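For reference, the chains in residue letters:
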Amino acid sequence: DTKTFILSVKKDPSMVLKLNDLNQDLTISQGDSVDIEGTLSEPSTGDLKIKIDDGTTTTVIKSEIDAASISEDYQFNDAGTYTVIFDFAAQNNYNAKQVSHTITVDDTEAPQFANDVNPQDRTYDPNADYTWSIEITDNIEVKDSTVKLSLDDGTTSTDHLSLIHI
């Protein structure tokens, strides 16, 4: 009676992911570009991908077949937190593997303001109620703000407001 066993020994590849020549997470400003470079040292070549995950979607931005390295200069136009992934597909005696770093993209776009004063006429009635509202929009989110109100008589009032989302 003969029994045949097939033994498959696999090991992890040796990989390095660098962002702007640094093997670490980065914080950049909105609109900045990052040089993303993945290097494979063992095995000497393989099927490689660079992916960007924005927390909702993972997108392949570059793919190379039978390569030792892969690189891409990528511009981050939207503020937020991204995961950059260097991916090696399993082959021969090597396991599939991913290495990653986080890029935090700081918001550099100022919020937009639209205000409304009611009543619109500028006649002063000391017994009237006046309503002032401001709508603040931003590409990321609106947090607590400080509002400075200057009145025609030269007085100034500064208050810290907790914003209420309606």
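It should be noted that the structure appears before, not after, this text.
Below: a short report on this structure. (Residues numbered from 1 in each chain as written. Predicted model: local features only at pLDDT ≥ 70, side-chain atom pairs only at ≥ 80, totals over all residues. Heavy atoms only, no water.)

To continue, consider the overall build of the chain. Helix and strand content of the chain: zero helices and twelve strands. Going from the N terminus to the C terminus, the chain shows its helices and strands as β-β-β-β-β-β-β-β-β-β-β-β. The buried share of the chain, reckoned over its 166 residues, is 23%. Sequence separation of 24 or more characterises 51% of the internal contacts of the chain that already satisfy a separation of 6 or more. Accessible surface, the chain: about 11,700 Å² in total, of which carbon and sulfur atoms supply 45%. (Helix = DSSP H or I, 4+ residues; strand = E, 2+ residues; numbered from the N terminus. Buried < 20%, exposed > 50% of the residue type's maximum accessible area, 1.4 Å probe, protein only. Contact = heavy atoms within 4.5 Å. Areas by Shrake-Rupley, 256 points an atom, 1.4 Å probe, with all protein chains shown as cover.)

Here the focus is the sheet that holds strand β3 (residues 33–42). Pairing between the strands of a sheet comes from backbone hydrogen bonds, and it takes one of two forms, parallel or antiparallel. An order of β1-β3-β6 is seen for the three strands of this open sheet, with the pairing classed as antiparallel. Strand pairing shows two members of the sheet lacking a second neighbour, β1 (14–19) and β6 (69–75), which therefore form its edges. Looking at each pair of strands side by side, their axes are set apart by 10° on average, direction ignored. Judged from the six bridges that link them, β1 and β3 form a sheet pairing that is antiparallel. Residue pairing across strands places methionine 15 opposite leucine 40, the latter belonging to β3. (Pairing = 2+ DSSP bridges. Axes fitted to C-alpha atoms, helices over the stretch in contact; angles between N-to-C directions.)

In this section: a negative patch on the surface. Negative charge collects at one region of the surface, where Asp54, Asp78, Asp106, Asp107 and Glu109 lie side by side. Structurally, aspartate 54 can be placed in the loop between β4 (46–53) and β5 (58–67). Taking relative accessible area as the criterion, aspartate 54 reaches 38% and is therefore assigned partly exposed. (Patch = residues over 30% accessible without salt bridge, like charges linked within 9 Å, V, L, I, M, F, W, Y side chains within 5 Å. Salt bridge = Lys/Arg side-chain N within 4 Å of Asp/Glu carboxyl O. Lys, Arg positive; Asp, Glu negative; His and termini not counted. Charge placed at Lys NZ, Arg CZ, Asp CG, Glu CD.)

Moving on: the pairing of strand β2 (residues 26–29). Across the two faces of β2 the burial differs, with Leu26 and Ile28 buried and Thr27 and Ser29 not buried at all. Looking at chain direction, β2 and strand β8 (residues 97–106) are connected through four bridges and run parallel. Across the sheet, the residue bridging to leucine 26 is isoleucine 103, located in β8.

Ordered in space as β2-β8-β7-β4-β5, the five strands form an open sheet in which the pairing is mixed. Each edge of the open sheet carries a strand with a single partner, namely β2 and β5. Ignoring strand direction, the axes of neighbouring strands in this sheet form an average angle of 20°. Two strands pair when backbone bridges link them, and β4 and β5 are joined in this way by seven bridges, in the antiparallel orientation. In the strand pairing of β5, leucine 48 is matched with glutamate 64.

So, about the environment of threonine 59. Assignment of secondary structure puts threonine 59 in strand β5. For threonine 59, a relative accessible area of 39% puts it in the partly exposed group. It is 9.8 Å that separates the C-alpha atoms of threonine 59 and isoleucine 85, two residues lying 26 residues apart in sequence. With residues up to four places along the chain from it excluded, the contact list for threonine 59 reads Ile50, Lys51 and Ile52.

Relative to the helices and strands, asparagine 95 resides in the loop between β7 (80–88) and β8. Here the alpha-carbon distance between asparagine 95 and aspartate 12, two residues 83 residues apart in the chain, equals 5.2 Å. Those residues in contact with asparagine 95 that lie beyond four places of it in its chain are Lys10, Lys11, Asp12, Pro13, Phe88 and Ala90. At 3.1 Å, the side chain of asparagine 95 and the side chain of aspartate 12 are in polar contact. (Polar contact = N/O pair within 3.5 Å; in protein donor to acceptor, adjacent residues only side chain to side chain.)

Keep in mind these values describe shape, not function.
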